[in-house]
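Structural description and commentary
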Amino acid sequence: MSEQKRQVATAALAYVEEDAVLGVGTGSTVNCFIDALASSSKRIEAAVSSSEESTRRLRDAGIDVIELNAAGSIPVYIDGADEADEHLRLIKGGGAALTREKIIAAASTSFVCIVDESKLVRTLGAFPLPVEVIPMARSYVARKLVGLGGQPIYREGVVTDNGNEIIDVHNLDITDPVTLERDINMIAGVVTNGLFAHRPADILLVATDAGVQTKRR
Ligand code: 5RP
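Residues numbered from 1 in each chain as written. Predicted model: local features only at pLDDT ≥ 70, side-chain atom pairs only at ≥ 80, totals over all residues. Heavy atoms only, no water.

**Things to note about the nonpolar core**
- Residues L22, F33, L37 and I78 are the most contacted members of the largest nonpolar core, which totals 25 residues.
- At six residues, helix 2 (residues 28-38) tops the list of elements feeding residues into this core.
- Apart from residues no more than four positions distant in its own chain, L37 is found in contact with L13, V16, L22, K42, I44 and I63. (Core = buried A, V, L, I, M, F, W, Y, C linked by side-chain atoms within 4.5 Å. Buried < 20%, exposed > 50% of the residue type's maximum accessible area, 1.4 Å probe, protein only. Helix = DSSP H or I, 4+ residues; strand = E, 2+ residues; numbered from the N terminus. Contact = heavy atoms within 4.5 Å.)

So, in structure tokens, the structure goes:
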């Protein structure tokens, strides 16, 4: 598994635009990507990072990190996922960075998602859907999520980089991810949810035992 993460992280280097700002996600696959970028000959202008953890790793690797507000346009965003379907729609947020990830994905021209083959699914939803909530709204949002057919579990002890909390929603029917993404985001107190269906990946790199496969929308 970790060898596959290294493989797909290395394959993502081909999508890095030199002398441009690069969007960088969060997670163990992205950590492999940061290592690969740092030891490559690719030179970027700076990175925009989706988490304090990735920011620290990038800076430790000698890569400049700037605020999104200072970045202008971002040609490429590279990030992992917890699940991906054949339409390149994703579940993200296992690392609690979903809100900043969704913002940077939205602000980027091309979203390159890097996964190992264990993340590929026919239908999204075996992985519990992370939802970032304003703390005072947690119980209210949980009741609304039950109304949508899910079983919400509070991710205890986790505070996001934005000072909020995470609810993981089990057993949702995600046959229409675009509608569900919108419906959950309509609940007062929800910051965002981990469905990336409205803005899916543009390119999905999948590490398999036979090499890295490339899927495009
Ligand atoms: C963090 C994320 C990650 O991309 C997702 O959890 C995948 O992580 P990993 O590469 O460690 O499997 O969405 O919020």
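Having seen the model, we can carry on.
**A closer look at the domain arrangement of the protein chain**
- Entries for the protein chain in the domain assignment read domain 1 (2-120 + 198-216) and domain 2 (129-193).
- Centre-to-centre, using C-alpha coordinates, domain 1 lies 24 Å away from domain 2.
- Around 1,200 Å² of area is buried between domain 1 and domain 2 when both sides are counted, 55% of it from carbon and sulfur atoms.
- Area buried by domain 1 at its contact with domain 2 is led by L98, T99 and K102, which between them contribute 38% of it.
- In this assembly, domain 1 and domain 2 are joined by one salt bridge.
- Between E181 and K102 there is a salt bridge; the shortest N-O distance is 2.8 Å. (Domains from an automatic or database assignment. Buried area = accessible area lost by both parts, 1.4 Å probe. Salt bridge = Lys/Arg side-chain N within 4 Å of Asp/Glu carboxyl O.)

**Comments concerning the sheet that holds strand 11 (residues 195-196)**
- The three strands are arranged 4-5-11 in an open sheet whose pairing can be described as antiparallel. Looking at the sheet topology across the chains shown, the edges are occupied by strand 4 (83-84) and strand 11. (Pairing = 2+ DSSP bridges.)

**Observations concerning the sheet that holds strand 9 (residues 165-170)**
- As summarised here, the arrangement of the four strands in space is 8-9-7-10, forming an open sheet in which the pairing is antiparallel. Unpaired on one side and paired on the other, strand 8 (151-154) and strand 10 (190-193) mark the two borders of the sheet. Put simply, the sheet's adjacent strands are angled 30° from each other on average, direction ignored.
- Pairing geometry for strand 7 (residues 129-133) and strand 10, over three bridges, is antiparallel. Considered in strand 10, the bridge of V131 is made with N193.
- Taken strand by strand, helix 4 (residues 98-107) contacts strand 7, strand 9 and strand 10, and its axis lies near 70° from that of strand 10. (Axes fitted to C-alpha atoms, helices over the stretch in contact; angles between N-to-C directions.)

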